[in-house]
Amino acid sequence: RMQQQAAALVQALGVRGGYTDVRALIGPVASAEMVLSTARSAIKDAGPNGTVVFVFSGYGVGGDFGEPVLLTEGATVANPLETGLDVARLADVLRPGHKEQHVFVLIDATHAGNVDGVALIGPSASEWPHRSTDGLTVMTPKIGSAGSQRIGLVSAFSDALSARADTDDDGRLSMTEL
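Residues numbered from 1 in each chain as written. Predicted model: local features only at pLDDT ≥ 70, side-chain atom pairs only at ≥ 80, totals over all residues. Heavy atoms only, no water.

### A few points about the nonpolar core
1) Next: In this structure, Phe 54, Leu 70, Leu 90, Leu 94, Val 105, Ile 107 and Trp 128 are the most contacted members of the largest nonpolar core, which totals 23 residues.
2) Next: It is helix α2 (residues 32-46) that provides the largest number of residues to this core, a total of six residues.
3) Next: If we ignore the near neighbours within four places in the chain, the residues touching Leu 90 are Val 35, Leu 36, Phe 54, Leu 70, Leu 85, Ile 107 and Trp 128.
4) Next: Counting seven residues, the second-largest nonpolar core is a separate cluster that includes Phe 104, Leu 106, Val 154 and Phe 157. (Core = buried A, V, L, I, M, F, W, Y, C linked by side-chain atoms within 4.5 Å. Buried < 20%, exposed > 50% of the residue type's maximum accessible area, 1.4 Å probe, protein only. Helix = DSSP H or I, 4+ residues; strand = E, 2+ residues; numbered from the N terminus. Contact = heavy atoms within 4.5 Å.)

Pasting the structure below:
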């Protein structure tokens with residue numbers, strides 16, 4: 001299901017969002033190092049006035065005790081910091097490189113349930129490293145109480161793109177339009 005949502009988002013970013021450089025790491029290629037490498041090159045390639053939209057849809061752990069890790073390809077809940085993607089490392093890479101550059105980060109890595117007794121609670125936007133950086137916007141789901149309805153951020157974002165959120169009709173979506 002997450003891979004289908006990711007594929008739909010790639011389509012929406014290119015067709016409706018007007019983005020000509022969409023890089024997708026889906027499935028086995030989405031290792032921690034590949035995610036970091038792709039994020040680094042996207043920040044560099046966007047240029048000083050560009051926009052980078054980074055989306056992660058998957059599982060995360062450690063958000064409930066201050067050490068959030070994304071469970072990228074090959075990661076285990078037994079050793080998430082050693083095998084997954086430490087959010088602090090990702091946050092360092094996703095900092096805007098120029099004053100006029102914008103980086104939008106959407107992380108959907110908090111889910112009901114657990115794996116081997118480890119709760120699937122990824123990072124929260126309120127605890128994102130460097131969150132006060134100009135040009136950086138971070139969105140994550142709110143961790144709700146039992147029985148609350150969870151909205152999938154990736155599918156909601158994809159729906160927003162498909163519904164033509166481009167209110168100024170310039171053919172591109174800005175951060176304010178999102």
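### Comments concerning unusual backbone geometry
1) Next: With phi around 50°, Asp 116 is a residue other than glycine that occupies positive phi space.
2) Next: The residue Asp 116 is located in the loop between β6 (114-115) and β7 (118-119) in this model.
3) Next: For Asp 116, a relative accessible area of 72% corresponds to the exposed category.

### Side note on α2
1) Next: The terminal C-alpha atoms of α2, which comprises 15 residues, lie 21 Å apart, in line with the 21 Å expected from a rise of 1.5 Å per residue.
2) Next: Buried within α2 are the following residues: Ala 32, Val 35, Leu 36, Thr 38, Ala 39, Ala 42 and Ile 43. Projected down its long axis, α2 shows its buried positions confined to an angular sector of 165°, all on one face.
3) Next: Packing partners of the buried residues in α2 comprise β1 (51-57), β4 (85-86), α4 (87-93) and β5 (102-108).
4) Next: Looking at the residues trailing α2, positive phi occurs at Gly 47, about 80°. (Expected span 1.5 Å × (residues − 1). Arc of directions from axis to C-beta.)

### Considering the environment of Val 103
1) Next: Tracing the sequence through the fold places Val 103 in strand β5.
2) Next: Here Val 103 is in contact with Ile 43, Val 52, Leu 94, Pro 96, Gly 135, Leu 136 and Thr 137, once residues within four sequence places are set aside.

### Some remarks on the environment of Met 139
1) Next: Mapped onto the elements of the fold, Met 139 is located in strand β8 (residues 136-139).
2) Next: Take Met 139: its relative accessible area is 35%, and that puts it in the partly exposed class.
3) Next: When the C-alpha atoms of Met 139 and Leu 106 are compared, they prove to be 4.8 Å apart, with 33 residues separating the residues in sequence.

### Focus on a nonpolar patch on the surface
1) Next: Taken together, the side chains of Val 10, Val 22 and Ile 26 define a hydrophobic patch exposed on the protein surface, amounting to about 170 Å² of accessible area.
2) Next: Of note, Ile 26 is situated in the loop between α1 (2-15) and α2. (Patch = residues over 30% accessible without salt bridge, like charges linked within 9 Å, V, L, I, M, F, W, Y side chains within 5 Å. Areas by Shrake-Rupley, 256 points an atom, 1.4 Å probe, with all protein chains shown as cover. Salt bridge = Lys/Arg side-chain N within 4 Å of Asp/Glu carboxyl O.)

### Considering the pattern of salt bridges
1) Next: Going through the model one piece at a time under the given rule, you end up with three salt bridges.
2) Next: Among the salt bridges present, the one from Arg 23 reaches Asp 45, with a minimum N-O distance of 2.7 Å. Taken as a pair, Arg 23 in the loop between α1 and α2 and Asp 45 in helix α2 lie far apart in primary sequence, 22 residues in all.
3) Next: You can call Arg 23 partly exposed: its relative accessible area is 32%.
4) Next: Put simply, Glu 33 and Arg 89 hold a salt bridge, and the shortest N to O gap is 2.9 Å. One end of the pair, Glu 33, is in helix α2; the other, Arg 89, is in helix α4, with 56 residues separating them in the sequence.
5) Next: For Arg 89, a relative accessible area of 37% translates into the label partly exposed.
6) Next: A single network of salt bridges, built from pairs that share partners, joins Asp 21, Arg 23 and Asp 45.

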